[in-house]
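Tertiary structure, described
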Amino acid sequence: MSAPAVRLVPVAVDDAVALHELLVRNREYLAPWSPARDEEWYGLEQQRERLAAAVAQHGEGSAYYFKIVAGDGAVGRLDLNNVVRGVWRNTNLGYWVAESERGRGHATAAVKAAVTFAFSEAGLHRVEAAVMPRNRASLRVVEKAGFRREGVAERYLRINGRWEQHVIHAITAEEAM
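Residues numbered from 1 in each chain as written. Predicted model: local features only at pLDDT ≥ 70, side-chain atom pairs only at ≥ 80, totals over all residues. Heavy atoms only, no water.

**Remarks on the packing of aromatic side chains**
Taken as a whole and judged by the stated rule, the model has three aromatic pairs. Here the aromatic rings of Tyr-64 and Phe-117 are separated by 5.0 Å at their centres, their planes lie at 70°, and the arrangement is edge-to-face. Of the two residues, Tyr-64 is situated in strand β2 (residues 64–70) and Phe-117 in helix α4 (residues 106–120); the sequence distance between them amounts to 53 residues. Consider the rings of Phe-66 and Phe-117, whose centres lie 5.1 Å apart with planes at 80°: the pair is edge-to-face. Highlighted residues: Phe-66 in strand β2 and Phe-117 in helix α4, separated in sequence by 51 residues. In this structure, Phe-66 and Phe-117 share a single accessibility class: buried. Cation over ring: Arg-27 sits above Tyr-42, and NZ or CZ is 3.8 Å from the ring centre. For the cation-ring pair, Arg-50 lies above Trp-41, with the distance from its terminal atom to the ring centre recorded as 3.8 Å. (Phe/Tyr/Trp six-rings, centres within 6.5 Å; stacked < 30°, edge-to-face > 60°. Helix = DSSP H or I, 4+ residues; strand = E, 2+ residues; numbered from the N terminus. Buried < 20%, exposed > 50% of the residue type's maximum accessible area, 1.4 Å probe, protein only. Lys NZ or Arg CZ within 6 Å of the ring centre and 35° of its normal.)

Right, here's the structure in full:
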């Protein structure tokens, strides 16, 4: 099977309605893997505000925010957060794909494209991904994308109201060659 045709497109404030609808449609599906959010967070105006901040951070190079596009529309999101320059040149990877698109290879293709972007365009050296051990699909994505397992972080992130253990994976520019 060939890799799916997906593109990473930087988010824009004009994407607010489409990305809001995608997020709301997938709210329950994403809940087990996401921080607990109040109702206001899911509002369209909040989406616009977050996208405006994302566009500014993308322009500064302090984080990179993308919509995952397959065919004519967005099927998910991918973010390279917490970019640190200097001697570390590191970022944290986060992503999700709509429930209706799962199992099609979109997440793996998007993560591979993000790694290429991180090393070639953003000038980074390392990309990290933290995945809950029970999220087997996401573990497969990072493994297929060439990340190596580094270890386990106890009570790493507060997800859906609980401090969750995460398996830390990483890939460096040398490994991606």
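**A few points about the pattern of salt bridges**
Tallied over the full model, the rule gives 12 salt bridges. Put simply, Glu-175 and Arg-148 hold a salt bridge, and the shortest N to O gap is 2.5 Å. Of this pair, Glu-175 sits in helix α6 (residues 173–176) while Arg-148 sits in strand β6 (residues 148–159); the two residues are 27 residues apart in sequence, bridging distant segments of the chain. According to the relative accessible area criterion, Arg-148 is partly exposed, its value standing at 28%. Each of Arg-126, Glu-128, Arg-148, Glu-150 and Glu-175 takes part in one network of salt bridges that share partners. (Salt bridge = Lys/Arg side-chain N within 4 Å of Asp/Glu carboxyl O.)

**Observations regarding the pairing of strand β3 (residues 73–84)**
In this sheet, β3 lies alongside β2 in antiparallel orientation, the contact comprising seven bridges. Among the inter-strand pairings, Tyr-64 is bridged to a residue of β3, identified as Leu-80. Relative to strand β4 (residues 90–97), β3 runs antiparallel, the two being bridged by seven bridges. Counted as the bridge partner of Gly-76 is Val-97 from β4. Hairpin remark: β3 followed by β4, antiparallel, with five residues in the connecting loop; positive phi at Gly-86, about 70°. (Pairing = 2+ DSSP bridges.)

**Description of the sheet that holds β6**
Taken in spatial order, the seven strands line up as β1-β2-β3-β4-β5-β7-β6 in an open sheet, and their pairing is mixed. Two strands in the sheet have a free side with no partner beyond their single neighbour: β1 (6–10) and β6. Each strand axis lies, on average, 30° off the axis of its neighbour in the sheet, ignoring direction. In this sheet, strand β7 (residues 162–172) lies alongside β6 in antiparallel orientation, the contact comprising eight bridges. Its bridge partner lying in β7, Arg-158 is registered against Trp-163. α4 rests against β1, β2, β3, β4, β5 (126–131) and β7 of the sheet, and its axis sits at about 35° to β3. (Axes fitted to C-alpha atoms, helices over the stretch in contact; angles between N-to-C directions. Contact = heavy atoms within 4.5 Å.)

**Notes on the packing of helix α1 (residues 16–25) against helix α3 (residues 44–60)**
Each pair of packed helices can be described by the angle between their axes along with the distance between the axes. At their nearest, the axes of α1 and α3 sit 9 Å apart, and the two run at 120° to each other. As the angle between them shows, α1 and α3 are arranged oblique. By crossing handedness, the relation of α1 to α3 is classed as right-handed. Contact residues: Ala-16, Val-17, Leu-19, His-20 and Leu-23 in α1; Leu-44, Gln-47, Arg-48, Arg-50 and Leu-51 in α3. Here the contact of α1 with α3 is composed, by residue class, of six nonpolar, two polar and two charged. (Parallel < 35°, antiparallel > 145°, perpendicular 65-115°, else oblique. Left-handed = near helix turned anticlockwise from the far one by under 90°. Nonpolar A, V, L, I, M, F, W, Y, C, P; charged D, E, K, R; others polar.)

**Looking at a nonpolar patch on the surface**
A grouping of Val-84, Val-87 and Trp-88 is seen on the molecular surface, where their side chains present a nonpolar patch of about 340 Å² in accessible area. For Val-87, the position within the fold is in the loop between β3 and β4. Residue Val-87 is classed as exposed on the basis of its relative accessible area, which comes to 93%. (Patch = residues over 30% accessible without salt bridge, like charges linked within 9 Å, V, L, I, M, F, W, Y side chains within 5 Å. Areas by Shrake-Rupley, 256 points an atom, 1.4 Å probe, with all protein chains shown as cover.)

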